[in-house]
Amino acid sequence: MAERQKAERGVEEKKVAVHGAATVRFEHRHGETRLATLYHHDPLRVLLPTPRRDDLPIAVLATTSGGMVGGDRMDIDLSVGPGARALVTTQAAEKVYRSTGADCRIDTRVAVEPGGWLEWLPQEAIVFEGSRLRRLTRLELSGDARLIAGEMLVFGRAAFGETVTRGLIRDAWEVTRDGRLVWADALHLDEDVGEALNHPAGFAGAGACATLLHAAPDAAARLDAVRALADSLDQQARVGATAFDGLLVIRILGGDARAVRRAYAALWSGLRAEAAELPTRLPRLWEV
Amino acid sequence: MGEGLEAAGLSTHAMTRLLAWLSPSFPVGGFSYSHGIEAAVERGLVRDRATLIVWLDGILRHGAGRTDGALFLAIHRAVRAGDEAAFAWAVERADAMRASSETALESRAQGTAFLLAIRAAWPLDGLARWDKVLTATGRPPAYSVAVALVSALIGVAEGPALTACLHAFAANLVSAGVRLVPLGQTDGQRALAALDPITHAAAVAALSTPLEDLGGRALAVDWTSMIHETQYTRLFRS
């Protein structure tokens, strides 16, 4: 932990990079969704809190290292089998500290099989000045599989007067259905990161952003409801939505991190109710 | 590769064809797309010549100019190398990278119309081979894919070809801005002149960007292209 605090202060990095891994698979058996596979390797842990009444089985990923520094890797593999329904989130925000050179990598695969439903909603990643992060989230859908997945990025801790002016922040998505690439997207910030964050056509000074995806054969049918919900929010963040090829894409651009988080949580809970008749409610971890 | 932007050895035959294909009169319907500028004007983000220049600077260096530039080079290099797998990969990626349904329409409709006009009016050696690969992908060609393909086939080096394509893109958006803000024709030309070095800078940046860094960061532009979908009064399709 002391090493992490040094890294946070930008003094030096710890010497040995870590490589965490987690595999979680749910399957539908005997009339209900049950955990089928569980594997984790430090600093990643998987917690399995008791689900709320009338809500889905839940898995929570936790990192025990206190944040990522240059060279760290995490491999996350989440899946639900045919007809299974589950939700996976993370225990806390992921902090990505300054790197002297090496990139951090987070590779996440989310696979949903026919008739399945999965929500993958990690809490925000907070990138610090000089951090280097390459994140790829690959969503693999089969048949009529459905999901909601999201990511939220926060640039420094504004409450501490921190900003990000340099480093590498890459956040990429790939969505396939039955092996066909439906959507590819990559936010890529490098070199003079501050210039792009301040540019009116770039981030326009926003300190946070988020992407929320809903994949389903009828995803476009939720577009009007999502737009109505977005219009009802406090308007402190810019929210846009679009749909194509069985995919609904929602973008949120701050404002501050709290405004983005509020919009993200409201849209997620509204979308799960609208699309899957699930409670308009977030896991307890999100109620802060 | 490594030729930079210098157009050494550009034949006049290649030059006149490129001028024809990238001119506003080439029938791709460019006049009907604003790349979200119509929404940016509605929201007051683009309101005069200065703000139009800044907005287009962002599109060129941080948005479509960056992503399409990288894919343009991937296509151009694949065609020059005769690498059909690399060509198919870039066609697929260009089709799948969509900021919104309207910018996807903007790029695919113009790319498809571009190749239709080439096939109908400008017989081109070697096009049939790549048409076959394109058909096999089952994907419509993005505009940058179509222009990269034909400019590689007529032997225009990647640097000049990309710069010309980015210039045509910028000129079309300036034209949209002139109609939407609105601006006078002279102010439009002043904006385009101011964007000329930026177009070159965007091309130079693309030439030194590895394909693994493919992506953009013009989130405000992406947002305008999304909210344009529900804009009440609209002249443009994007």
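Residues numbered from 1 in each chain as written. Chains lettered and ligands numbered in written order. Predicted model: local features only at pLDDT ≥ 70, side-chain atom pairs only at ≥ 80, totals over all residues. Heavy atoms only, no water.

Colleague: So, the overall build of chain A: which residues are in play, and what are the values?
Modeller: Scanning chain A from N- to C-terminus turns up 4 helices and 17 strands. C-alpha atoms of chain A, sized along the principal axes, occupy 55 × 40 × 35 Å. Here chain A, with 288 residues, has 57% of them falling under the buried criterion. Looking at chain A alone, contacts between residues at least 24 apart form 73% of all its contacts between residues at least 6 apart. Per element, the accessible surface of chain A, about 11400 Å² overall, is 49% carbon and sulfur. (Helix = DSSP H or I, 4+ residues; strand = E, 2+ residues; numbered from the N terminus. Buried < 20%, exposed > 50% of the residue type's maximum accessible area, 1.4 Å probe, protein only. Contact = heavy atoms within 4.5 Å. Areas by Shrake-Rupley, 256 points an atom, 1.4 Å probe, with all protein chains shown as cover.)

Colleague: Got a sec to walk through the sheet that holds strand S2 (residues 32-41) of chain A? Specific residues and values, please.
Modeller: All names here are of chain A. The 7 strands are arranged S2-S1-S5-S8-S11-S13-S14 in an open sheet whose pairing can be described as mixed. In the strand order of this sheet, the two ends are held by S2 and strand S14 (180-192), each with one partner. Ignoring strand direction, the axes of neighbouring strands in this sheet form an average angle of 5°. Pairing between strand S1 (residues 19-29) and S2: 9 bridges, direction antiparallel. (Pairing = 2+ DSSP bridges. Axes fitted to C-alpha atoms, helices over the stretch in contact; angles between N-to-C directions.)

Colleague: Any details on the side chain of glutamate 102 of chain B? Residues and values, ideally.
Modeller: Structurally, the position occupied by glutamate 102 of chain B is in helix H6 (residues 101-121). The residues touching glutamate 102 of chain B, leaving out its near neighbours within four places in the chain, are Ser225, His228, Glu229, Arg234, Arg237 and Ser238 of chain B.

Colleague: Run through the pairing of S14 of chain A, naming residues and quoting values.
Modeller: All names here are of chain A. Most of S14 is tucked away, with 10 of its 13 residues classed as buried. As defined by bridge partners, strand S13 (residues 166-177) adjoins S14 across 12 bridges and the pair is classed as antiparallel. Paired with arginine 170 across the two strands is histidine 188, which belongs to S14.

Colleague: How would you sum up a nonpolar patch on the surface? Please name residues and give values.
Modeller: Together, Leu35, Leu38 and Leu48 of chain A give the surface a local cluster of nonpolar side chains, amounting to about 230 Å² of exposed area. Residue classification places leucine 38 of chain A among the partly exposed positions, given a relative accessible area of 39%. (Patch = residues over 30% accessible without salt bridge, like charges linked within 9 Å, V, L, I, M, F, W, Y side chains within 5 Å. Salt bridge = Lys/Arg side-chain N within 4 Å of Asp/Glu carboxyl O.)

Colleague: Provide a residue-level description of the layout of surface pockets, including the pertinent values.
Modeller: Estimates place the volume of the second largest pocket at around 450 Å³. Lining the second largest pocket are 20 residues, and of these Asp231 and Val239 of chain A together with Arg43, Ile227 and Thr230 of chain B sit closest to its centre. Those elements that place two or more of their residues in the lining of the second largest pocket are helix H3 (223-232) and strand S16 (238-244) of chain A together with helix H2 (37-42) and helix H11 (219-227) of chain B. Within the lining of the second largest pocket, the residues separate by chemical class into 10 nonpolar, 5 polar and 5 charged. (1 Å grid on protein atoms, 1.4 Å probe; cavity = no way out; pocket = protein on both sides within 12 Å on 5 of 7 lines; lining within 4 Å. Points joined across faces, edges and corners; volume = space filled by probe spheres on them. Nonpolar A, V, L, I, M, F, W, Y, C, P; charged D, E, K, R; others polar.)

Colleague: Can you break down the environment of serine 238 of chain B residue by residue, with the values?
Modeller: All names here are of chain B. As for its position among the elements, serine 238 is in the segment after H11. A polar contact of 3.1 Å, which involves the side chain of serine 238, links it to the backbone nitrogen of histidine 35. A polar atom in the side chain of serine 238 sits 2.6 Å from the side chain of glutamate 106. (Polar contact = N/O pair within 3.5 Å; in protein donor to acceptor, adjacent residues only side chain to side chain.)

Colleague: Which residues make up the interface of chain B and chain A, and what values go with them?
Modeller: Counting residues at the interface gives 34 residues for chain B, matched by 35 residues for chain A. Interface area lost by chain B to chain A is led by Arg98, Arg217 and Met226 of chain B, which between them contribute 23%. If you look at where chain B meets chain A, you find 6 salt bridges. For arginine 98 of chain B, the salt bridge is made with aspartate 245 of chain A, and the minimal N-O distance between the two is 3.4 Å. Inspection of the region where chain B meets chain A yields 23 residue pairs in polar contact (both at pLDDT 80 or more). For the side of chain B that touches chain A, the secondary structure elements donating two or more residues are helix H3 (49-62), helix H5 (84-96) and H11 of chain B. Grouping the constituent residues of the side of chain B that touches chain A by class yields 14 nonpolar, 8 polar and 12 charged. (Buried area = accessible area lost by both parts, 1.4 Å probe.)

Colleague: An account of the nonpolar core is requested, with residue identities and associated values reported.
Modeller: In terms of nonpolar packing, the biggest core is built from 134 residues, with Phe155 and Phe203 of chain A together with Phe114 of chain B touching the most fellow members. If you tally residues by element for this core, the top one is helix H9 (residues 158-180) of chain B, at 12 residues. Non-local contacts of phenylalanine 114 of chain B, meaning those with residues more than four positions away in its chain, are made with Trp21, Phe26, Val28, Tyr143, Ala146, Val147 and Val150 of chain B. By size, the runner-up hydrophobic cluster in this structure holds 41 residues, among which are Leu121, Val239, Leu248 and Ala276 of chain A. (Core = buried A, V, L, I, M, F, W, Y, C linked by side-chain atoms within 4.5 Å.)

Geometric values such as these leave the question of function open.
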